[in-house]
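Each chain is listed here by its residues.
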4 protein chains.
Amino acid sequence: MFSFECDYLQGAHPKVLEALCETNRITQPGYGADMWWASACQKIKAAFSAPDHDVYLLTGGTQTNALIIDSLIRPYEGVISADTGHINVHEAGAVEHTGHKVLALPHHDGKLDAADVKAYLETFYADGTWTHMVKPGMVYISHPTEYGTLYTADELKALSAVCQEYDMPLFLDGARLGYGLASNDTDVTPALLAQLCDVFYVGGTKVGALCGEAVVFRPGVMPAQFATIVKQHGAMVAKGRLLGVQFDALFTDGLYFEISKNAIDMAQKMKDLFRRKGYAFFKETATNQQFVLLEDAQMARLAPLVGFSVWEKADESHTVVRFATSWATSDEDLAKLEEIL
Amino acid sequence: MFSFECDYLQGAHPKVLEALCETNRITQPGYGADMWWASACQKIKAAFSAPDHDVYLLTGGTQTNALIIDSLIRPYEGVISADTGHINVHEAGAVEHTGHKVLALPHHDGKLDAADVKAYLETFYADGTWTHMVKPGMVYISHPTEYGTLYTADELKALSAVCQEYDMPLFLDGARLGYGLASNDTDVTPALLAQLCDVFYVGGTKVGALCGEAVVFRPGVMPAQFATIVKQHGAMVAKGRLLGVQFDALFTDGLYFEISKNAIDMAQKMKDLFRRKGYAFFKETATNQQFVLLEDAQMARLAPLVGFSVWEKADESHTVVRFATSWATSDEDLAKLEEIL
Amino acid sequence: MFSFECDYLQGAHPKVLEALCETNRITQPGYGADMWWASACQKIKAAFSAPDHDVYLLTGGTQTNALIIDSLIRPYEGVISADTGHINVHEAGAVEHTGHKVLALPHHDGKLDAADVKAYLETFYADGTWTHMVKPGMVYISHPTEYGTLYTADELKALSAVCQEYDMPLFLDGARLGYGLASNDTDVTPALLAQLCDVFYVGGTKVGALCGEAVVFRPGVMPAQFATIVKQHGAMVAKGRLLGVQFDALFTDGLYFEISKNAIDMAQKMKDLFRRKGYAFFKETATNQQFVLLEDAQMARLAPLVGFSVWEKADESHTVVRFATSWATSDEDLAKLEEIL
Amino acid sequence: MFSFECDYLQGAHPKVLEALCETNRITQPGYGADMWWASACQKIKAAFSAPDHDVYLLTGGTQTNALIIDSLIRPYEGVISADTGHINVHEAGAVEHTGHKVLALPHHDGKLDAADVKAYLETFYADGTWTHMVKPGMVYISHPTEYGTLYTADELKALSAVCQEYDMPLFLDGARLGYGLASNDTDVTPALLAQLCDVFYVGGTKVGALCGEAVVFRPGVMPAQFATIVKQHGAMVAKGRLLGVQFDALFTDGLYFEISKNAIDMAQKMKDLFRRKGYAFFKETATNQQFVLLEDAQMARLAPLVGFSVWEKADESHTVVRFATSWATSDEDLAKLEEIL
């Protein structure tokens, strides 16, 4: 189906697939000991100006979130998240499954506010009974957020400062990181991100890979025996090359950023298109996800013609829907969309 | 490196890769709702003469074992396994991580004996204090086993009978199932396997896929809300097509069985080779894994020339090592091995 | 210290202690097989007009909450609770420790509103992606609530109806149940409670026992192998008589209700006292907990003289504090309080 | 029933009960902040010549085992135990419920052998694939063991040395510790035990208390936020005084050791009695548990007359049974037993 439903409706970027084909018959050891894995990690560290960081490749986002949270905090600690955070809403309780409470704070356009976090922590530790409560052990943010919004450098710095003050790691879910870094409206550079976060990941699944998320740890943060933890969580891939080859390709000659840029350019054109056609926005963003407000009749007309995500009811007769571009979106796709709108 | 270390040292079978390339730009929904997933499940059911069974595709073996065990037994139940069973030894405690004890019984050539299981259960329930103990809730076997051995049809029937008597599902780990079914020395057919097991899986990772295990449930056995459970365990793949396309290719025109047969033929030739060259066997098997007994000097000479797995010390001066063939092993590989031996 | 800080500052009601003394040297089996345990369960069932219900005795509230929730819902399900619910705030994440998310809804005076629950469920199931979310599996309420408030019979009926409609058990945390049932302002009888709840517990720790909570299950609701589950959770008491003797005493000749009534009578007098002395209430309740609003100077003056719980800051210069009566509160205590106020 | 079935068939030692009665109406804070708790901890430290250790009071043995193991090792680590260890056999999988594998080694009269442990560890770390296995993180022993046997000082020293070498805590389950320390045939003093173990507990439930186990940690070993962990595991007692008062009484004027001695003296007399009457022993021990071999007809005759525990079938016509004395056993009990035998 012709679709803007999400950013994982096609396979891999052709160059990623090409790399899988070219390397296919080369014999290499399993479990992340292959040569592409090593090369991919080096290239990712270079791209984020983080030569001493540690990188580990995993398969998917929910898996990565639960694994990172569970391995970096103590069993009795919880993780602070915006109430709209993916871990709080759309991961089937994977974090709680590992025993940790998600401590949800109200979001601001999908973002967590440093002042809110600080106020929460102050109130928490001022309560004489806090040892009977879930100790906040980490801050989780997504960038871009579930609403396609982006933190500014100053916002990230403020969150990082609160985390440092309370000795908690700052964890950034970058399932769509490419689309954030390639945005025209961001002052967050890869290097700054690596400086401010204790751990973050570079999403592959939604940015040109068949699967894969590359986790980047500040030096000293990656837990001892991490491979064992990964295995224990059922997250280890026997043919680690599947991840190694893909990320090696994505981080060769800046491919990851280049294809992310395509999604941004297409999103810009798509926004213009909706605007020209008189559609109302629920939320316009600087990334690849745009939230449009459809009147019921509009929605009924469009639904059979083009794929989009139904987000939530806005009122009695309107619905918020999401149109997403990706590395794979082309001008032809937009032309076709224009006809339909 | 030139290697017989294991059966996952190369990428995917060329036809699997080809299918990924051909379908790459087709737009299909995520999370297992793609058309290849549906097609793959149909073909697998047909291959196992199990039209009413349910099939679900997962990524890797340890993940599958933990998820199936955790979702099919009650939280206070344990799983009976041979002490050499993969879940008991080589999965970093993934099953215990989900809260379940592995109830290990002594193996016989890697296999679990039905009489042992029955005796264990009788003793267990005869103990007046069994409510203070871990209730056996499932029987886990692997086929081929970790020693490359195979259950006979009669052995499987006996295990199935004990399981039925005690109302426990029989779960068969088929990470290398193809190499078992393609063996020249087995009376276990795909159809019989589907009849006797309550749940089993068809390994892809070690039999021609980049990743993937296809779980097959007897009608009525797949838990309600299985997709939610998969998600909660961090095992759901956003681009389900990665699994769907691969299994669809593997089960088109009998490819899975054909490439498994290659491993068996090559293993047969490899055994002959070792025998001709005067090597002693620790265990000769009818599948793709052969266990050779190397004297220390022999091992020191071979190690730099060819890859193999070190299994265990046999005595002061000998070591058991494993040589494995796979779908990818060729006559050229054996010729090269012959030179070295 | 002279104190109204909470309802567990003294030991047991004298008759409970007496029973422990009298039965001390009688030889009886452990783990709940003693004669007092059986007798206590019978008396509790009679007191709640629930002859076919099942009763099981546990030690403490947090333990009971986590155990009941974990054993009655599926591993991937969550539990709906008021955001002020004890399980959501003051149990150190014990529920999440067992893998379940607490699905918090806004409270109304500490209570969960049936209409809110219904709206939540409707929205949840209307979301096409709900299989990626935490399925609501149970409704948890406390009665009296953490704010000392009580559900009316109609409110309970409405919650029960929603639960039935969505096939979820209704679980009532009765850590202070006696103080609720003995209130002068309630239309909830013991019999009605047993009719409407699928499982509830009768708190002993805060109502005259040294420890102990009696869980009451609607017929058919107690999980199979419950004793094994209790043991696995570390909640089984070897000398089950400790719980059996206490509950047997509490439910002999209506002692439980009689001593609960004392707390209510004393709370009534205490409220009058505060009112006469000109104190402002944050929340006056019909149970044994009263929430008073103290100005900073007032609080500084009272703190060294009498024990109370600091609840939360009300504004810049005022604090909400709790004064609780119990089975042990006497007219002498109130006379002393009067002097201080 | 007249019974030697186990050591928890009666209530508390009269002095313990007396202390509960005397302190009953004194107002003290909950959750372990009462004055008896503090006093009990001081006295226990003194009794074990361990002034700088940390002590925490819990309710029961299975709870304590699971909590200590779970809080002292990393989530991916397992615990080494004799295969007959209580955690491996009789705790309904409570340790696995917290996610940890019990790594069972063959027992020697119920004991773990230091050489076995060392050999296990050497083999484990020699295996190139150990990151895929459960890392041993702790050694668990019980003293007396489940067979009533005792470690010698040298055996404990050897275990402690292996633990130090591999940087693992040594954890001693002292559910029946009193009966071990009071034995006439032991060179293990309280002080030595505190020196050699990283953590151990002093059992109350089976030695004169209604409930309670006192955990003693070597300085620096008690986890940060231990109270939160206790709460999260559902193991915190609101009226901590229940534990505080009991242990305070047990460690006043050496009561704990005095009443343990009674059990030992009575066991000695009981052994003599069985011997005089011509009974065969399966295992004679230096503690309060004796294992007698009964022929079927003998067992049928005795069963209605006196309580004992059925341990296991010895052969076709014989059964191993356990007779246990306790702090409560009297000469009258033995006289009655003599008549029956």
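Note that the coordinates shown come from a computational prediction; the quantities given were computed from them, not determined experimentally.

Colleague: I'd love a proper account of the overall build of chain A, names of residues and values included.
Modeller: A tally of regular secondary structure across chain A gives 14 helices and 11 strands. For 341 residues, the compact-globule formula gives about 20 Å, and the C-alpha radius of gyration of chain A, at 20 Å, lands near that figure. A principal-axis box enclosing the C-alpha atoms of chain A has dimensions of 60 × 55 × 35 Å. Buried positions account for 65% of the 341 residues belonging to chain A. In the form shown here, chain A has an accessible surface area of approximately 11200 Å², with 51% of it arising from carbon and sulfur atoms. Charge separation in chain A, taken as the distance between the mean sites of 27 positive and 43 negative side-chain charges, equals 5 Å.

Colleague: For the relation of the copies chain C and chain B, give the residues involved together with the corresponding values.
Modeller: When chain C is fitted to chain B, the best match, at an RMSD of 0.0 Å, comes from turning it 180° and sliding it 0.0 Å along the axis. Taken together, the rotation angle and the small translation identify this as a two-fold axis. Considering only C-alpha atoms, the residue of chain C closest to the rotation axis is P75 of chain C, which sits at 4.1 Å. Comparing interface residues between copies, 100% of those in chain C also sit at the interface in chain B, which points to an isologous, same-surface contact.

Colleague: Describe the state of the cysteines, and please don't skip the residues or the numbers.
Modeller: All names here are of chain A. Counted under the stated rule, the structure contains 0 disulfides over all chains. Considering cysteine sulfurs only, C211 is the nearest to C6, which forms no disulfide, with 15 Å between them. C6 gets classed as buried once you look at its relative accessible area, which sits at 9%. C197 takes part in no disulfide bond, and the closest cysteine sulfur to it belongs to C163, at a distance of 9.1 Å. You can call C197 buried: its relative accessible area is 1%.

Colleague: So, the interface of chain A and chain B: which residues are in play, and what are the values?
Modeller: The interface of chain A with chain B comprises 42 residues on the first partner and 43 residues on the second. Of the roughly 4000 Å² buried at the junction of chain A and chain B (both faces included), carbon and sulfur atoms supply 56%. Our enumeration of links across chain A and chain B arrives at 0 salt bridges. At the boundary of chain A and chain B, one finds 24 residue pairs in polar contact (both at pLDDT 80 or more). At the level of secondary structure, the elements contributing two or more residues to the side of chain A that touches chain B comprise α1 (14-23), α3 (61-72), α5 (94-97), α10 (226-232) and α11 (241-250) of chain A.

Colleague: Tell me about the interface of chain C and chain B, residues and numbers included.
Modeller: At the interface, 18 residues of chain C touch 18 residues of chain B. Across the chain C/chain B interface, buried area totals approximately 1700 Å², and carbon plus sulfur atoms make up 55% of it. Contact with chain B buries area across many residues of chain C, yet Y76, H132 and Q225 of chain C alone supply 36% of it, more than any other trio. Here chain C and chain B share 0 salt bridges between them. The interface formed by chain C and chain B contains 6 residue pairs in polar contact (both at pLDDT 80 or more). When residues of the side of chain C that touches chain B are assigned to their parent elements, the largest contribution, 4 residues, is made by helix α10 (residues 226-232) of chain C. Across the side of chain C that touches chain B, the residue classes break down as 8 nonpolar, 7 polar and 3 charged.

Colleague: Could you give an account of the domain arrangement of chain A, naming the residues involved and the relevant values?
Modeller: All names here are of chain A. Assigned domains of chain A: these are domain 1 (2-7 + 256-340) and domain 2 (14-254). Computed from C-alpha coordinates alone, the two centres of domain 1 and domain 2 are separated by 27 Å. In this complex, domain 1 contributes 22 residues to the contact, which on the side of domain 2 involves 31 residues. In total, about 2100 Å² of surface goes out of reach between domain 1 and domain 2, with carbon and sulfur atoms giving 57% of it. Contact with domain 2 buries surface across domain 1, with D7, Y256 and F257 losing the most and accounting together for 35% of the total. Put simply, domain 1 and domain 2 have 2 salt bridges between them. Listing elements by their share of the side of domain 1 that touches domain 2, those giving two or more residues are α12 (255-276), β8 (280-283), β9 (289-295) and β10 (309-315).

Colleague: Tell me what's going on with the packing of helix α6 (residues 114-126) of chain A against helix α7 (residues 153-165) of chain A, and back it up with residues and numbers.
Modeller: Residue and element names in this part refer to chain A. Two elements in contact, α6 and α7, have axes whose closest approach is 8 Å; the angle formed by their N-to-C orientations is 20°. As summarised for this structure, α6 and α7 are arranged roughly parallel, according to the angle between their axes. Relative to α7, α6 is oriented so that their crossing is left-handed. Together, A114, V117, K118 and L121 of α6 and A158, L159, V162 and E165 of α7 make up the contact between the two elements. Taken together, the residues of the contact of α6 with α7 break down into 6 nonpolar, no polar and 2 charged.

Colleague: Residue-level account of the sheet that holds strand β2 (residues 77-82) of chain A, with values.
Modeller: Backbone hydrogen bonds are what pair the strands of a sheet, in a parallel or an antiparallel way. Residue and element names in this part refer to chain A. Read across the open sheet, the 7 strands follow the order β1-β7-β6-β5-β4-β2-β3; overall the sheet is mixed. Either end of the sheet is taken by a strand with one partner, and the two such strands are β1 (54-58) and β3 (102-105). Each adjacent strand pair in this sheet contributes to an overall mean axis angle of 25°, direction not counted. As paired strands, strand β5 (residues 170-173) and strand β6 (residues 199-203) are joined by 2 bridges and run parallel to one another. Bridging from a neighbouring strand, L172 pairs with F200 of β6. The sheet contacts of α6 involve β2, β3 and β4 (135-142), and relative to β4 the element is tilted by about 170°. Those strands touched by α11 are β1, β6 and β7 (213-217), and its axis lies near 120° from that of β1.

Colleague: Give a detailed account of the relation of the copies chain A and chain B, specifying residues and quantitative values.
Modeller: Structural alignment of chain A on chain B gives an RMSD of 0.0 Å, achieved by rotating through 180° and translating 0.0 Å along the axis. Counting the interface residues of chain A, we find that 100% of their copies in chain B are interface residues as well, pointing to one common contact surface.

Colleague: Go over the pattern of salt bridges, please, and point to the residues and values.
Modeller: Opposite charge on two side chains permits them to pair, given that their charged atoms come into close proximity. Considering all chains together, one arrives at 60 salt bridges over all chains under this definition. Across the pair R275 of chain B and E284 of chain B runs a salt bridge whose closest N-O atoms are separated by 2.3 Å. Judged by relative accessible area, R275 of chain B falls into the partly exposed class, the value being 41%. According to the relative accessible area criterion, E284 of chain B is partly exposed, its value standing at 39%. A single salt-bridge network, built from bridges that share partners, covers K118, E122 and E165 of chain A.

Cut-offs used in this document
- Residues numbered from 1 in each chain as written.
- Chains lettered and ligands numbered in written order.
- Predicted model: local features only at pLDDT ≥ 70, side-chain atom pairs only at ≥ 80, totals over all residues.
- Heavy atoms only, no water.
- Helix = DSSP H or I, 4+ residues; strand = E, 2+ residues; numbered from the N terminus.
- Rg over C-alpha atoms; globule rule 2.2 N^0.38 Å.
- Buried < 20%, exposed > 50% of the residue type's maximum accessible area, 1.4 Å probe, protein only.
- Areas by Shrake-Rupley, 256 points an atom, 1.4 Å probe, with all protein chains shown as cover.
- Lys, Arg positive; Asp, Glu negative; His and termini not counted.
- Charge placed at Lys NZ, Arg CZ, Asp CG, Glu CD.
- Least-squares fit on C-alpha atoms with pLDDT ≥ 70 in both.
- Contact = heavy atoms within 4.5 Å.
- Disulfide = S-S within 2.5 Å.
- Buried area = accessible area lost by both parts, 1.4 Å probe.
- Salt bridge = Lys/Arg side-chain N within 4 Å of Asp/Glu carboxyl O.
- Polar contact = N/O pair within 3.5 Å; in protein donor to acceptor, adjacent residues only side chain to side chain.
- Nonpolar A, V, L, I, M, F, W, Y, C, P; charged D, E, K, R; others polar.
- Domains from an automatic or database assignment.
- Axes fitted to C-alpha atoms, helices over the stretch in contact; angles between N-to-C directions.
- Parallel < 35°, antiparallel > 145°, perpendicular 65-115°, else oblique.
- Left-handed = near helix turned anticlockwise from the far one by under 90°.
- Pairing = 2+ DSSP bridges.

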